[in-house]
Amino acid sequence: MTEDQILGLITQNIVLVLGAIFIVVVILKGIKIVPQSEKYVVERFGRLHSVLGPGINFIVPFLDVARHKISILERQLPNATQDAITKDNVLVQIDTSVFYRILEPEKTVYRIRDVDGAIATTVAGIVRAEIGKMDLDEVQSNRAQLIGQIQHSVETAVDDWGIEVTRAEILDVNLDQATRDAMLQQLNAERARRAQVTEAEGMKRSVELQADAELYAAEQTAKARRIQADAEAYATQVVAKAISENGIEAAQYQVALKQVESLNALGNGSGKQTIVLPANAIEAFGDAFKMLKGGK
């Protein structure tokens, strides 16, 4: 082969090789493989054309350019501390932490430059505004409600940036030493007040229980008297019936029997060395024995 033929063959092969390389480059330029944790913002002639999601995507080589690669993973802003004044004019320091993620990269890229700084500034302003609506006691006792209000306000503010605020936390509420001392004094006074109230309620309950006990005792005494009266009435009724059926002798017998029982009880008393008997005591014994025998 002549030199011209060799040069022509080499030239043809180079053209084919360059053509093959060009085709490979075009194919590679037209295929974009996007990771699961990212989205690509594609520009055509400097303007927004499309947003590529995870997986294999096809674009027009040399015309379309994946200008921005945006991570869609959840992010955490650095913990921030800002001063705020409560509704009752107490200066507090609020430590906050915010978590967010990018949902619409095209809005984030073309509407805001420093995403983290913008969100931090927005959160600081919203926290001050929300704290200013509440007293110090409400800030400390209703922290969950305050967090919910802050998160809702932040979500509304950053919606135009294609961002979702997933979580907003208040890590701590710090007070100056003078406020801490005043709160401690207030807490001690409240504890003393509760102790006094508890003691007063205990005394009141004790008086109520004592009154209930006295009332119960009075009711029981009244019941006993009523039962005793019923018993005496029944005994009187029995005696009256006996007198009606057996005559006056039954009544005399009962009287004589009571006299004997009284004398017997008097004689059995402890420490009684001298017994004074009524003048008719012997007659009472005699009458009782006579009646027992059936005599008149």
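Residues numbered from 1 in each chain as written. Predicted model: local features only at pLDDT ≥ 70, side-chain atom pairs only at ≥ 80, totals over all residues. Heavy atoms only, no water.

- Going by the annotation in an unreviewed UniProt entry, the name recorded for the protein is Modulator of FtsH protease HflK, with Falsiruegeria mediterranea M17 given as the source organism.
- Entered under Sequence similarities (unreviewed entry) in the UniProt record, the comment concerning the protein runs "Belongs to the band 7/mec-2 family." (UniProt positions renumbered as here; feature names shortened; annotations may be inferred.)

### Observations concerning the pattern of salt bridges
Argument step 1. This model, assessed by the stated rule, comprises 8 salt bridges.
Argument step 2. Ionic pairing is found between Glu164 and Arg101, a salt bridge with its closest N-O pair at 2.8 Å. One end of the pair, Glu164, is in strand 9 (residues 163-175); the other, Arg101, is in strand 8 (residues 91-102), and 63 residues separate them in sequence.
Argument step 3. Judged by its relative accessible area of 27%, Glu164 falls in the partly exposed class.
Argument step 4. Taking relative accessible area as the criterion, Arg101 reaches 35% and is therefore assigned partly exposed.
Argument step 5. Note that Glu208 is salt-bridged to Arg205, the shortest N-O span being 3.5 Å. (Salt bridge = Lys/Arg side-chain N within 4 Å of Asp/Glu carboxyl O. Helix = DSSP H or I, 4+ residues; strand = E, 2+ residues; numbered from the N terminus. Buried < 20%, exposed > 50% of the residue type's maximum accessible area, 1.4 Å probe, protein only.)

### Some details on the sheet that holds strand 2 (residues 38-44)
Argument step 1. With antiparallel pairing, 3 strands are arranged side by side in an open sheet as 3-2-5. With one partner strand each, in any of the chains shown, strand 3 (47-52) and strand 5 (64-71) form the two edges of the open sheet. Looking at each pair of strands side by side, their axes are set apart by 30° on average, direction ignored.
Argument step 2. When strand 2 meets strand 3, the two strands line up antiparallel, connected through 5 bridges. Within strand 3, the position partnered with Val41 by the bridge is Val51. (Pairing = 2+ DSSP bridges. Axes fitted to C-alpha atoms, helices over the stretch in contact; angles between N-to-C directions.)

### Re the nonpolar core
Argument step 1. Residues Val92, Ile119 and Ile131 are the most contacted members of the largest nonpolar core, which totals 32 residues.
Argument step 2. Contributing elements (two or more residues each) for this core: strand 8, helix 3 (115-131), helix 4 (136-141), helix 5 (143-158) and strand 9.
Argument step 3. Per element, the largest residue contribution to this core is 7 residues, and it comes from helix 3.
Argument step 4. Tyr40, Leu52, Ile59 and Ala66 belong to the second largest nonpolar core, which has 6 residues in total. (Core = buried A, V, L, I, M, F, W, Y, C linked by side-chain atoms within 4.5 Å.)

### Examining helix 3
Argument step 1. Taking 1.5 Å of rise per residue, the 17 residues of helix 3 would be expected to cover 24 Å, and the 24 Å separating its terminal C-alpha atoms lies within 8% of that figure.
Argument step 2. Looking only at helix 3, the buried set comprises Val115, Ala118, Ile119, Thr122, Val123, Ala124, Ile126, Val127, Glu130 and Ile131. (Expected span 1.5 Å × (residues − 1).)

### Here's the deal with the environment of Val115
Argument step 1. Turning to its location among the elements, Val115 is positioned in helix 3.
Argument step 2. Through-space distance from the C-alpha of Val115 to that of Val158 is 9.7 Å; in sequence the pair is 43 residues apart.
Argument step 3. What Val115 contacts, discounting residues up to four positions off in sequence, is Tyr100, Thr108 and Ile163. (Contact = heavy atoms within 4.5 Å.)

### Topic: the packing of helix 3 against helix 5
Argument step 1. Across the interface, helix 3 lies against helix 5 with an axial gap of 10 Å and an inter-helix angle of 135°. By the angle class used here, helix 3 and helix 5 are oblique. For the element pair helix 3 and helix 5, the recorded crossing hand is right-handed. Residues Ile119, Thr122, Val123, Ile126, Val127, Glu130 and Ile131 of helix 3 lie in contact with helix 5, whose contacting residues are Leu146, Gln149, Ile150, Ser153, Val154, Ala157 and Val158.
Argument step 2. Taken together, the residues of the contact of helix 3 with helix 5 sort by class into 10 nonpolar, 3 polar and 1 charged. (Parallel < 35°, antiparallel > 145°, perpendicular 65-115°, else oblique. Left-handed = near helix turned anticlockwise from the far one by under 90°. Nonpolar A, V, L, I, M, F, W, Y, C, P; charged D, E, K, R; others polar.)

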